[in-house]
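Working through the structure, step by step
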Amino acid sequence: MRATNERGKMKIEKEQLQKNILTLQETIQNLAKEDQDVRVVAVSKYVDVETIKMIYDLGIRDFGENRSQELLAKQAELSDEYSDIKWHFIGRLQRRPVKKMINYIDYLHSLDRMSLVKEVDKRADKVISSFLQVNISGEENKAGFSLSEVEAVIEEIAFYPNIKIIGLMTMAPYEADKQELQQIFSALKDKQLLVQAENYEHAPCSHLSMGMSRDYPIAIQAGADFLRIGRALYEEN
Ligand SMILES: *Cc1c(COP(=O)(O)O)cnc(C)c1O
């Protein structure tokens with residue numbers, strides 16, 4: 001059984017965090033190409049503010065949450081000395097909380113439908129650095145645009161000035177094997193290069209948000225530069 005506190009959040013020792021971060025950094029160093037600047041987004045939805053502070057003290061500045069209320073509450077508790085944290089929203093975003101949250105985040109990883117594009121554009125007071133979420137394997141229960149509609153969607157997003165497409169994002173199916181993962185991540189890389197080659201002002205599309213705890217080494221090899229890592233930071237492995 002995994003230890004949790006009274007709020008249901010995982011409890012974790014600093015030594016364990018330090019060990020896991022080191023392993024992660026070694027893997028990145030071994031697998032990333034020379035010009036591939038890989039950023040670890042610590043997915044903090046599993047932990048409370050005390051653990052975020054420990055991770056921060058270990059040098060990480062990017063944190064990802066998938067619930068808007070929780071992101072805002074944690075951010076409010078972490079003001080002042082933690083003000084250089086970059087906040088990433090990584091999950092399914094409903095329309096209603098957009099207004100309250102959108103101006104408090106630095107990156108949106110889950111721009112997954114046109115109605116969300118419109119709502120974010122309408123509520124944002126600044127340009128929101130966003131990843132277009134792509135559902136590569138076509139799983140019905142997964143959010144995101146299909147690979148074949150990416151170009152058309154990006155052209156349409158030019159009409160929404162508060163949205164900047166800095167890259168593409170995907171989540172691989174849970175049951176995918178190594179070969180399928182390689183195919184999925186390479187397909188996203190190929191698409192990212194195609195869009196980038198268009199030199200759109202509103203869509204530089206130079207980044208790839210892919211790779212989670214179970215598949216990040218494969219994602220790095222396929223060119224990922226934003227990893228969204230949760231359990232691999234917290235669990236003994
Ligand atoms: C929770 C979550 C992650 C992190 O998953 P782990 O398997 O714990 O690394 C990454 N991306 C999204 C969108 C998530 O919701």
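Further up the page is the structure itself.
Further remarks concern the packing of helix α1 (residues 14–31) against helix α2 (residues 49–57). Between two packed helices, what matters for the description is the angle formed by their axes and the separation of those axes. One can describe the packing of α1 onto α2 by two numbers: an axis separation of 10 Å at closest approach and a directional angle of 50 degrees. The orientation of α1 with respect to α2, classified from their angle, is oblique. Of the two possible hands of crossing, α1 and α2 adopt the one that is right-handed. Note on element contacts: α2 touches α1 through Thr 51, Met 54, Ile 55 and Asp 57, opposite Lys 14, Leu 17 and Ile 21. Partitioning the contact of α1 with α2 into residue classes produces four nonpolar, one polar and two charged.

As a structural note, the neighbourhood of the ligand is formed by Val 43, Lys 45, Tyr 46, Ile 90, Met 171, Met 212, Ser 213, Arg 228, Ile 229, Gly 230 and Arg 231. Here Lys 45 contributes a side-chain N or O atom positioned 2.7 Å from an oxygen atom of the ligand. The class makeup of the residues in the shell around the ligand is six nonpolar, two polar and three charged.

On to the packing of aromatic side chains. Evaluation of the coordinates by the stated rule reveals five aromatic pairs. Aromatic side chains Phe 63 and Trp 87 sit 6.3 Å apart centroid to centroid with 40 degrees between the ring planes, which places their arrangement in the tilted category. Of the two residues, Phe 63 sits in strand β2 (residues 62–65) while Trp 87 sits in strand β3 (residues 86–89), which places them 24 residues apart along the sequence. The exposure class of Phe 63 is buried, given its relative accessible area of 0%. With a centroid separation of 5.2 Å and 70 degrees between ring planes, the pair formed by Phe 131 and Phe 226 is classed as edge-to-face. With Phe 131 in strand β5 (residues 128–133) and Phe 226 in strand β8 (residues 226–229), this pair connects stretches of sequence that are 95 residues apart. You can call Phe 131 buried: its relative accessible area is 0%. Its relative accessible area of 3% is what places Phe 226 among the buried residues. A network of ring pairs unites the aromatic residues Tyr 107, Phe 131 and Phe 226 as a single cluster. Above the ring of Tyr 56, the side-chain terminus of Arg 61 is found at 3.5 Å from the ring centroid.

About the cut-offs
- Residue indices follow the written sequence of each chain, beginning from 1 at its first position.
- It should be noted that, the model being predicted, local features are given only for residues of pLDDT at least 70 and side-chain atom pairs only at 80 or more, the latter also being counted only at that level, while totals for whole chains, interfaces and linings use all residues.
- Processing note: side-chain calculations cover all non-hydrogen atoms of the structure and skip hydrogens and water entirely.
- Note on geometry: axes are lines fitted to C-alpha atoms, helical ones only across the stretch in contact, with angles between N-to-C directions running from 0 to 180 degrees.
- Counting from the N terminus, the helices are DSSP H or I runs at least four residues long and the strands are E runs at least two residues long.
- For classification purposes, an angle smaller than 35 degrees is called roughly parallel, one larger than 145 roughly antiparallel, one from 65 to 115 roughly perpendicular, and anything else oblique.
- Crossings are classed by handedness, with left-handed meaning an anticlockwise turn of the near helix from the far one by less than a right angle and right-handed meaning a clockwise turn.
- Contacts: residue pairs with any heavy atoms within 4.5 Å of one another.
- Three classes are used: nonpolar for Ala, Val, Leu, Ile, Met, Phe, Trp, Tyr, Cys and Pro, charged for Asp, Glu, Lys and Arg, and polar for all others, with Gly counted as polar.
- Definition of nearness: a residue and a molecule or strand are near each other if at least one heavy atom of the residue lies within 4 Å of the molecule or strand.
- Between N or O atoms, a polar contact is any pair within 3.5 Å; within protein, one atom must be a potential hydrogen donor and the other a potential acceptor, and residues adjacent in sequence are included only when both atoms are from side chains.
- Each Phe, Tyr or Trp ring, with Trp reduced to its six-membered ring, pairs with another whose centre is within 6.5 Å; inter-plane angles below 30 degrees give stacked pairs, above 60 give edge-to-face pairs, and intermediate values give tilted ones.
- Whether a residue is buried, partly exposed or exposed follows from its accessible area with a 1.4 Å probe, protein chains only, as a fraction of its type maximum: under 20%, in between, or over 50%, in that order.
- Over a ring means this: the NZ of a Lys or the CZ of an Arg is within 6 Å of the ring centre and within 35 degrees of the ring normal.

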